[in-house]
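Descriptive structure summary
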Amino acid sequence: MSEITFDDPQIQQTYRAIGEKSPFVYGLTNYIAANLSANVLLAAGAGPAIGAGADWPAVFPAGAAGVWINTAAVMSNPAEVLRTVAAVASEAGTPWVLDPVAHGAGAAEYDGVVKSLVELRPAVIRGNASELISLAGGATTGKGVETTAGSDDAVEHIERLARQSGAVVAVSGATDYITDGTRTVAVPGGDARLTKVTGAGCSLGALTAGAAAVIDDAFLAAVTAHAAYARAAELAAAQVGPTGGSGSFAVALVDGLYALAN
Amino acid sequence: MSEITFDDPQIQQTYRAIGEKSPFVYGLTNYIAANLSANVLLAAGAGPAIGAGADWPAVFPAGAAGVWINTAAVMSNPAEVLRTVAAVASEAGTPWVLDPVAHGAGAAEYDGVVKSLVELRPAVIRGNASELISLAGGATTGKGVETTAGSDDAVEHIERLARQSGAVVAVSGATDYITDGTRTVAVPGGDARLTKVTGAGCSLGALTAGAAAVIDDAFLAAVTAHAAYARAAELAAAQVGPTGGSGSFAVALVDGLYALAN
Amino acid sequence: MSEITFDDPQIQQTYRAIGEKSPFVYGLTNYIAANLSANVLLAAGAGPAIGAGADWPAVFPAGAAGVWINTAAVMSNPAEVLRTVAAVASEAGTPWVLDPVAHGAGAAEYDGVVKSLVELRPAVIRGNASELISLAGGATTGKGVETTAGSDDAVEHIERLARQSGAVVAVSGATDYITDGTRTVAVPGGDARLTKVTGAGCSLGALTAGAAAVIDDAFLAAVTAHAAYARAAELAAAQVGPTGGSGSFAVALVDGLYALAN
């Protein structure tokens, strides 16, 4: 399997296109991750708006260049609002990213909401190993929003999910993997402290929508977002040092994404 | 047009009165900006509470010394709750600040909610150029929550809006302008990275309510909040340097407001 | 009254057990404090999930090792959802922490929601002096979410509340006090800037649930969380210096909790 990092010129070019085009990117997400998700998109150069304010769900997905839906948004919105955003985006041809946070952690009704969104043609599905293995029909192993499986164990599952759904699928972990069902690439790197920052995964979903907003290639967009995130985490690790705390690391992660864009 | 900065002794005195009086300031805002808005008010010395917990909207605006309503709060609350908070504040004589985030971005129902709040006698209306031009009856040019117009272009519009509404109106941008419809002042300074920090504008609305809570002069309160914010952004820029990232800048902005108060 | 700090080996051992066992801790809280609460638990080594996504309230409290409910969660959830989480936790034997934020600030309906939760057998109740004096039947003195009383004034009240409710009760202040109604200990230290960081108290409630998740002794769990928080605040104060701002202090607080766990 080939490896791709932010050293790849095409990846750098795609990431910098976010800052050059400054696309409007609209998202529904949970309130734990909303602030970091918006700051990640702003650091990369996009113009994010989040949330279902009155008729925003009916209007903004059509006007936006990219959309993301983190399914934990159901803690603030009826499931029907999530489906409206997905349907309006699909109808308008706006690429949208599905982040099935906590799928497979034992909440059957919630898992049903996630599955209903897969039907609405996301361009990309991203999550951790437990979530994606479960969504692909494998075992359910999640513990709340945390994974209990490694990303290596998820590769065959995400390839199956990609073929089933027609979406590009990306799994985060020690190494990230991105597949369209026929080709799969590995994105190495990053830093273990990403798992100590709440919403770091959710914000990667937002950044994936930011990349999909500027290039008509969902696979390249997903790889770009993951490679930029891994590099930004490495820059953050260098900034705060190996024993730097998770608070400083979170701040430095946003700085890293900003530095890569400027 | 005259320029005012934080060098003005009356501005410094008004800002420091927030810390001396430690007023209770109550707000409804969106969950993306809520954390930063509260931290901005705490740094300045106020005691903020945010959100519509049970009967808070009926009780807290009367007990508070200042109130702010960011209309994106409709993502968590029925529009009627926003109107209740505005009405209770007006009835009790508590000055309240309206922040019409994303007005004019194409969501007609949402824009109607904003307009209904203008009727409830805000002491101050603050926003970016696109929002305020649209609210004053000019063109609708917003892209989600971002402006596509400069603050210079908004001056005549905010002067008209001030005369129409009876409120002091303040527009944020490279230079901020504040008007009561007859006199208009410019607040220069700040830093471009303010546009890379989610909720930075929303939090300026909160700070404006904090200033209005300690002085019975909405114009001076609005100028104070904007001048303190601009100076805090300059302190932040000095702390993180010209190439410092937007993550560190956001932290340093709060530090700047804290330093000005202590 | 005896004093306990993080120097106590049993306290250190209990705190480090959070990182060793990495328990799933589930919470309902307000959206102002949600991000910091999750980051505090992650820094200590727990795996948090927050919010009422579809059937999470019916499922997650039984699967979790610890639960916390910050009653300002009613700004996003019907009161019945808070009671469901409390009841499912009690039924499953999962220890849960009640944080009665803003009780006694004048909102009678809200105060009634808080009281209904006390009936559902929390293992620990934590808050500031105004909240707990009021909840114990003393005077109502709160100003929004801020206290107007000192923690020293609350001691007799929290001892009474502990005997009434059967819960361990902890009050935060210049010195923290923790009691089970018969024995009371003081946890000194910390830093005044904790009161300048929004959600710092709420996040201490989350950390208390994290400690209760790894040891079957609610009193020791509450003392551990408070002693670790006080020490982390001292580490943060040392990191940012005596004049360091509240923005940097908030980041350093999370770093401090991370350092104590690693």
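Please refer to the structure placed before this passage.
Below is a short write-up of the structure. Please read these numbers as outputs of a predicted model, since none were measured by experiment.

1. Observations concerning the pairing of strand β8 (residues 176–179) of chain C
All names here are of chain C. Residue alternation in β8 divides its side chains into two sets, Asp 176 and Ile 178 and Tyr 177 and Thr 179, and both sets are buried. Across 3 bridges, the pairing between strand β7 (residues 168–172) and β8 is antiparallel. Within β8, the position partnered with Val 171 by the bridge is Tyr 177. In this antiparallel pair of consecutive strands, β7 and β8, the connection spans 3 residues. As judged from the 4 bridges shared by β8 and strand β9 (residues 184–187), these two strands associate in the antiparallel manner. Counted as the bridge partner of Thr 179 is Thr 184 from β9. Counting the residues that bridge the hairpin from β8 to β9 gives 4 residues, and of these Gly 181 lies at a positive phi of roughly 100°.

2. Things to note about the relation of the copies chain B and chain C
Superposition of chain B onto chain C requires a rotation of 120° combined with a translation of 0.0 Å along the rotation axis, giving an RMSD of 0.0 Å. The operation mapping one copy onto its partner corresponds to a three-fold rotation axis. For chain B, the minimum C-alpha distance to the rotation axis belongs to Tyr 31 of chain B and amounts to 3.4 Å. The share of interface residues of chain B whose copies in chain C are also at the interface is only 7%, consistent with the copies meeting through different surfaces.

3. Remarks on helix α5 (residues 108–118) of chain B
Residue and element names in this part refer to chain B. Along α5, the positions that sit buried rather than exposed are Tyr 110, Asp 111, Val 113, Val 114, Leu 117 and Val 118. In a view along the axis of α5, the buried residues occupy a sector of 155°, so they form one face of it. With respect to the buried face of α5, the exposed residues turned more than 90 degrees away are Ala 108 and Glu 109.

4. A word on the environment of Glu 156 of chain A
Residues and elements named next belong to chain A. Here Glu 156 lies in helix α7 (residues 155–165). Look at Glu 156 and you get exposed, because its relative accessible area is 54%. When the C-alpha positions of Glu 156 and Ile 133 are compared, they lie 8.9 Å apart, and in sequence the two are 23 residues distant.

5. Some words on helix α3 (residues 56–63) of chain B
The complete set of buried residues in α3 of chain B reads Trp 56, Pro 57, Phe 60 and Pro 61 of chain B. With its buried residues spanning 100° around the axis, α3 of chain B presents them on a single face.

6. Some remarks on the relation of the copies chain B and chain A
Between the two copies, chain B and chain A, the superposition gives an RMSD of 0.0 Å; the rotation angle is 120° and the shift along the axis is 0.0 Å. The share of interface residues of chain B whose copies in chain A are also at the interface is only 7%, consistent with the copies meeting through different surfaces.

7. Quick notes on the interface of chain B and chain C
Contact residues are listed per partner, giving 29 residues for chain B and 28 residues for chain C. Of the roughly 2300 Å² buried at the junction of chain B and chain C (both faces included), carbon and sulfur atoms supply 62%. Contact with chain C buries area across many residues of chain B, yet Leu 42, Trp 56 and Tyr 258 of chain B alone supply 24% of it, more than any other trio. For the pair chain B and chain C, the interface holds 0 salt bridges. Our enumeration of links across chain B and chain C arrives at 7 residue pairs in polar contact (both at pLDDT 80 or more). Listed by contribution, the elements that provide at least two residues to the side of chain B that touches chain C are α2 (34–44), β3 (47–50), α3 and α10 (246–261) of chain B. The element contributing the most residues to the side of chain B that touches chain C is α2 of chain B, with 6 residues. Of the residues in the side of chain B that touches chain C, the class split is 17 nonpolar, 10 polar and 2 charged.

The rules behind each value
Residues numbered from 1 in each chain as written. Chains lettered and ligands numbered in written order. Predicted model: local features only at pLDDT ≥ 70, side-chain atom pairs only at ≥ 80, totals over all residues. Heavy atoms only, no water. Buried < 20%, exposed > 50% of the residue type's maximum accessible area, 1.4 Å probe, protein only. Helix = DSSP H or I, 4+ residues; strand = E, 2+ residues; numbered from the N terminus. Pairing = 2+ DSSP bridges. Least-squares fit on C-alpha atoms with pLDDT ≥ 70 in both. Contact = heavy atoms within 4.5 Å. Arc of directions from axis to C-beta. Buried area = accessible area lost by both parts, 1.4 Å probe. Salt bridge = Lys/Arg side-chain N within 4 Å of Asp/Glu carboxyl O. Polar contact = N/O pair within 3.5 Å; in protein donor to acceptor, adjacent residues only side chain to side chain. Nonpolar A, V, L, I, M, F, W, Y, C, P; charged D, E, K, R; others polar.

Read these as spatial facts, not as claims about activity.
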